[in-house]
Amino acid sequence: MDYELNVVMLACVNMIAVLGLAVFTGFTGLFSLGHAAFVGIGAYTSGVLTYHWDVPFFFALTAGTAAAGLSSLVIGIPTLRAKLRSDYFAIAILGFGEALRVCLENLSVTNGARGLSVSELSGPGWIVGTLILSLLVTRNFLKSRFGALFVAIREDPTAAEMAGIDLFRMRLLSLAVSAALCGASGALLAHRLAFIQPVMFTLTQSTQLLASVIAGGIGSISGPVIVAFVFTALPEMLRSLDMWRLPAYGLLLVLIMIFRPQGLLGYRELPDLFRRRQ
Amino acid sequence: MQTLVTGLSVGGIYSLMAVGYSLIFSILSFSNFAHGAVIMLGAYIGLALATRLHWGLGLVVAGSVVGAGIISVFNERVAYAALRRRRAPSLFLMISAMGCSVFLENTVYATIGSRFFAFPEFFRREVVSLWGSSLSLLDLFAFTVSVGAIFALHLFITKTKTGIAIRAGVNDMTMCSLMGVNTDRLISIVFFLAGAFAGVAGVFLGIKYLVYPTMGWVTNKAYIAAVIGGLGSLPGALAGGLILGVLETLVSTYLSSVLRDVFSFTMLIALLIWLPNGLMGRETEEKI
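Being a predicted model, the structure only gives us computed values, none of them experimental. (Residues numbered from 1 in each chain as written. Chains lettered and ligands numbered in written order. Predicted model: local features only at pLDDT ≥ 70, side-chain atom pairs only at ≥ 80, totals over all residues. Heavy atoms only, no water.)

Things to note about the overall build of chain A
Looking only at helices and strands, chain A features 12 helices and zero strands. Along the chain direction, N to C, the helices and strands of chain A fall in the order α-α-α-α-α-α-α-α-α-α-α-α. For a compact globule of 278 residues, the expected C-alpha radius of gyration is about 19 Å, and chain A comes in at 18 Å, within 12% of that figure. Across the 278 residues that make up chain A, the buried fraction comes to 57%. For chain A, the accessible area works out to roughly 11,400 Å², and carbon and sulfur atoms hold 67% of it. Side-chain charges of chain A comprise 19 positive and 15 negative groups, with the mean position of each set lying 8 Å from the other. (Helix = DSSP H or I, 4+ residues; strand = E, 2+ residues; numbered from the N terminus. Rg over C-alpha atoms; globule rule 2.2 N^0.38 Å. Buried < 20%, exposed > 50% of the residue type's maximum accessible area, 1.4 Å probe, protein only. Areas by Shrake-Rupley, 256 points an atom, 1.4 Å probe, with all protein chains shown as cover. Lys, Arg positive; Asp, Glu negative; His and termini not counted. Charge placed at Lys NZ, Arg CZ, Asp CG, Glu CD.)

Concerning the overall build of chain B
When you go through chain B residue by residue, the secondary structure sums to 11 helices and two strands. The linear arrangement of helices and strands in chain B, starting from the amino end, is α-α-α-α-β-β-α-α-α-α-α-α-α. For chain B, the residues scored as buried account for 55% of the 288 residues in total. For chain B, restricting intrachain contacts to residue pairs at least 6 apart in sequence, the fraction spanning at least 24 positions comes to 75%. Just so you have it, chain B exposes about 12,200 Å², and 66% of that area is on carbon and sulfur atoms. (Contact = heavy atoms within 4.5 Å.)

Let's talk about unusual backbone geometry
For Ala194(A), which is not a glycine, the phi torsion comes out positive at approximately 65°. Of note, Ala194(A) is situated in the loop between α8 (167–193) and α9 (203–216).

Focus on the packing of helix α11 (residues 245–259) of chain A against helix α4 (residues 90–111) of chain B
Running from amino to carboxyl end, α11(A) crosses α4(B) at an angle of 155°, the nearest separation of the two axes being 7 Å. If you check the angle between α11(A) and α4(B), you find them roughly antiparallel. Read as a crossing pair, α11(A) and α4(B) show a hand that is left-handed. On α4(B), the residues that touch Leu246(A), Pro247(A), Gly250(A), Leu251(A), Leu253(A), Val254(A) and Met257(A) of α11(A) are Phe92(B), Ile95(B), Ser96(B), Gly99(B), Cys100(B), Val102(B), Phe103(B), Asn106(B) and Thr107(B). Residues that form the contact of α11(A) with α4(B) fall into these classes: 11 nonpolar, five polar and no charged. (Axes fitted to C-alpha atoms, helices over the stretch in contact; angles between N-to-C directions. Parallel < 35°, antiparallel > 145°, perpendicular 65-115°, else oblique. Left-handed = near helix turned anticlockwise from the far one by under 90°. Nonpolar A, V, L, I, M, F, W, Y, C, P; charged D, E, K, R; others polar.)

Things to note about a nonpolar patch on the surface
Residue and element names in this part refer to chain B. A contiguous nonpolar surface patch, about 440 Å² in accessible area, is contributed by Leu-250, Tyr-254, Leu-255 and Leu-259. When you line up the elements, Leu-255 lands in the loop between α10 (234–254) and α11 (259–274). Exposure remark for Leu-255: the relative accessible area of 64% places this residue in the exposed category. (Patch = residues over 30% accessible without salt bridge, like charges linked within 9 Å, V, L, I, M, F, W, Y side chains within 5 Å. Salt bridge = Lys/Arg side-chain N within 4 Å of Asp/Glu carboxyl O.)

As for the pattern of salt bridges
Residues and elements named next belong to chain A. According to the stated counting rule, one finds four salt bridges over all chains in the structure shown. For Glu-98, the salt bridge goes to Arg-101, with nearest N and O atoms at 2.9 Å. Of this pair, Glu-98 and Arg-101 both sit in helix α4 (residues 86–106), three residues apart, which is roughly one turn of the helix. Exposure remark for Glu-98: the relative accessible area of 11% places this residue in the buried category.

Comments concerning the nonpolar core
By size, the foremost hydrophobic cluster in this structure holds 175 residues, and its most contacted members are Phe31(A), Leu33(A), Phe38(A) and Leu23(B). In terms of residue count, helix α8 (residues 183–208) of chain B provides more of this core than any other element does, 15 residues in total. Excluding its chain neighbours within four sequence positions, the residues that come into contact with Leu33(A) are Ala90(A), Ile93(A), Leu94(A), Leu203(A), Ser206(A), Leu210(A), Phe33(B) and Met98(B). (Core = buried A, V, L, I, M, F, W, Y, C linked by side-chain atoms within 4.5 Å.)

As for the interface of chain B and chain A
Between chain B and chain A, the residue contacts involve 42 residues of the former and 39 residues of the latter. Buried area between chain B and chain A, summed over both chains or domains, comes out near 3,900 Å², and the portion from carbon and sulfur atoms is 79%. One can count zero salt bridges joining chain B with chain A. Linking chain B with chain A are zero residue pairs in polar contact (both at pLDDT 80 or more), by the criterion used here. (Buried area = accessible area lost by both parts, 1.4 Å probe. Polar contact = N/O pair within 3.5 Å; in protein donor to acceptor, adjacent residues only side chain to side chain.)

With respect to the confidence of the model for chain A
Confidence in the prediction for chain A averages 81 pLDDT; 90% of positions are at 70 or higher. α8(A) holds the highest mean pLDDT among the elements of chain A, 88, whereas helix α12 (residues 270–277) of chain A holds the lowest, 62. (pLDDT = per-residue confidence, 0-100.)

So, empty space enclosed by the protein
Over the atoms rolls a probe the size of a water molecule, and in doing so it shows where empty space is left. Residues and elements named next belong to chain A. Applying the stated criterion across every chain, the model contains one cavity of 30 Å³ or more. What the largest cavity holds in volume is close to 40 Å³. Lining the largest cavity, in full, are Leu-33, Gly-34, Ala-36, Ala-37, Leu-94, Gly-97, Glu-98, Phe-201, Thr-202, Leu-203 and Ser-206. Counting only elements with at least two residues in the lining of the largest cavity, the list comes to α2 (35–53), α4 and α9. Element by element, the count of residues in the lining of the largest cavity is highest for α4, at three residues. Residues that form the lining of the largest cavity fall into these classes: six nonpolar, four polar and one charged. (1 Å grid on protein atoms, 1.4 Å probe; cavity = no way out; pocket = protein on both sides within 12 Å on 5 of 7 lines; lining within 4 Å. Points joined across faces, edges and corners; volume = space filled by probe spheres on them.)

Section: the side chain of His35(A)
Residues and elements named next belong to chain A. By the element assignment, His-35 lies in helix α2. Of the polar contacts made by the side chain of His-35, one reaches the side chain of Ser-32; its length is 2.7 Å. Ignoring any residue separated from it by four or fewer positions in sequence, one finds His-35 in contact with Leu-21, Phe-24, Leu-175, Ser-178, Ala-179, Cys-182, Ser-206 and Leu-209.

Regarding the packing of aromatic side chains
Residue and element names in this part refer to chain A. Counted by the stated rule, this structure contains nine aromatic pairs over all chains. Ring centres of Phe-57 and Trp-126 lie 5.0 Å apart, and the angle between their planes is 85°; this geometry places the pair in the edge-to-face category. In this pair, Phe-57 is assigned in helix α3 (residues 57–81) and Trp-126 in helix α5 (residues 124–143), connecting sequence segments 69 residues apart. In this structure Phe-57 comes out as buried when scored by relative accessible area, which is 7%. A connected cluster of aromatic rings, assembled from ring pairs, spans Phe-57, Phe-58, Phe-59 and Trp-126. Positioned above the aromatic ring of Phe-146 is the side chain of Arg-145, whose terminal nitrogen or guanidinium carbon lies 5.7 Å from the ring centre. (Phe/Tyr/Trp six-rings, centres within 6.5 Å; stacked < 30°, edge-to-face > 60°. Lys NZ or Arg CZ within 6 Å of the ring centre and 35° of its normal.)

A short note on the state of the cysteines
Residues and elements named next belong to chain A. Tallied over the entire structure, the rule returns zero disulfides over all chains. Here Cys-103 stays unpaired: no disulfide links it, and the sulfur of Cys-182, its closest cysteine neighbor, is 19 Å away. Classification of Cys-103 by relative accessible area gives partly exposed; the value is 39%. Note on Cys-182: no disulfide assigned, nearest cysteine sulfur contributed by Cys-12 at a separation of 16 Å. (Disulfide = S-S within 2.5 Å.)

Section: the environment of Leu181(A)
All names here are of chain A. By the element assignment, Leu-181 lies in helix α8. Residue classification places Leu-181 among the buried residues on the basis of a relative accessible area of 13%. Taking C-alpha positions, Leu-181 is 9.3 Å from Thr-138, a pair spaced 43 residues apart along the chain. Beyond its immediate stretch of four places on either side in the chain, Leu-181 contacts Ile-16, Leu-19, Gly-20, Val-23, Ser-134 and Thr-138.

As structure tokens, then:
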């Protein structure tokens, strides 16, 4: 039972990060290869706080979320202001992630590449609570005026700009929100596994996050979140096939792009499906 | 001086890889993230030919060129052709490319394993001295071949009929196909060329360092090199590779080798912001 609980908790933590990326990639239409970096920032900020200064977990979680959100401005302000091509932006944010990893590996406060052993503070209550809170906040946020503006930008940036939407500010807002969610996920992850290492937050993780969002469907919250759960829980059940997990992700991305680019629930939410049946 | 020579020899290989990126970018305007995986497979093919069949260097390079070229064409047929025909946005092509890269890299990881392999020694560990600085035979050879190959490609693109068709395709694919060019074949040729360059780069990287599943990672550097020179420009790719090689060597010699990669990525971001078309790139229209 303990094992199953752990798997479910891990899946919930991942769902929060995927939710973050879904806001950015699914709703604002920008492609990121570096969101694991924000998870890493959240994990390390909270981890360092609880490890060195015994900060209560609530404050560590808040600090991790805030740090990830703020750090997204560092990369977001220059790149989004320059309105880079979407693939240039993806590479720029990948570079940000790599630079961050090198920094984490060489700082003494993070204990370098050997990793940081933090205490196990985030119980199921924290994780499920944060997940529900993030789902609610994200849903309402995307239903607000901002959500509509994001979708307008995704569908046609030029037309959106002509209609008077400030592309730079909206994209930056979207990036900050998604990074903050990833940061919260990181803080929970660190205090769930009780051990963090810089290599946990590299391109492989970014790819997994992206694969979940694409497979779940662009423009949907419930799709990516469901897929994130499956993607975390399924490999755990098929431990013996662990080596083939990443090839399968890769293949899945290609197949989805060829046969079903809208993903599992593209532009729809889970409740919509039930409504249609009635 | 020594730094400059070392930098140029690394830069030569960066250029080889950057050319592949640039070629594909120029014709399909998306960044082929699977290029690194093709380079890695090229290195493995070269390695198999060298260790199992005991072929000489020339044959190994030739075999790897053909092998990587075919893989690259196959990759295009499977993963991009359907999207291309549907005129899917370049974001989809990029995701597909990312998927290919993850798939190929980790399949090698799962089948061949994460072991590091070394090529047999093709070059005596002899150094040539050049203007008072030393240079290994391998570096000299790799540099000469790189520059030679890029020059040959330049001739091919500018002087032959197929080359003219490629340049026409770069300019306007629809127009090009209306003029009676078989664009599917044209794109296959471009992917074969890119794969061929990836094969050469893979073998040289493998000889200079080692062969392992994630060696394609170095292509991030090549990507930076291609961006410096301007994506889609061949002379730009050559220049970008050499500039990046020299700058990186300077940073790791005089500052710190840890900072080298941070420096490259910072430079990339700075460059993308102030000079998004690179040194010799053409005006890019799509802006997000």
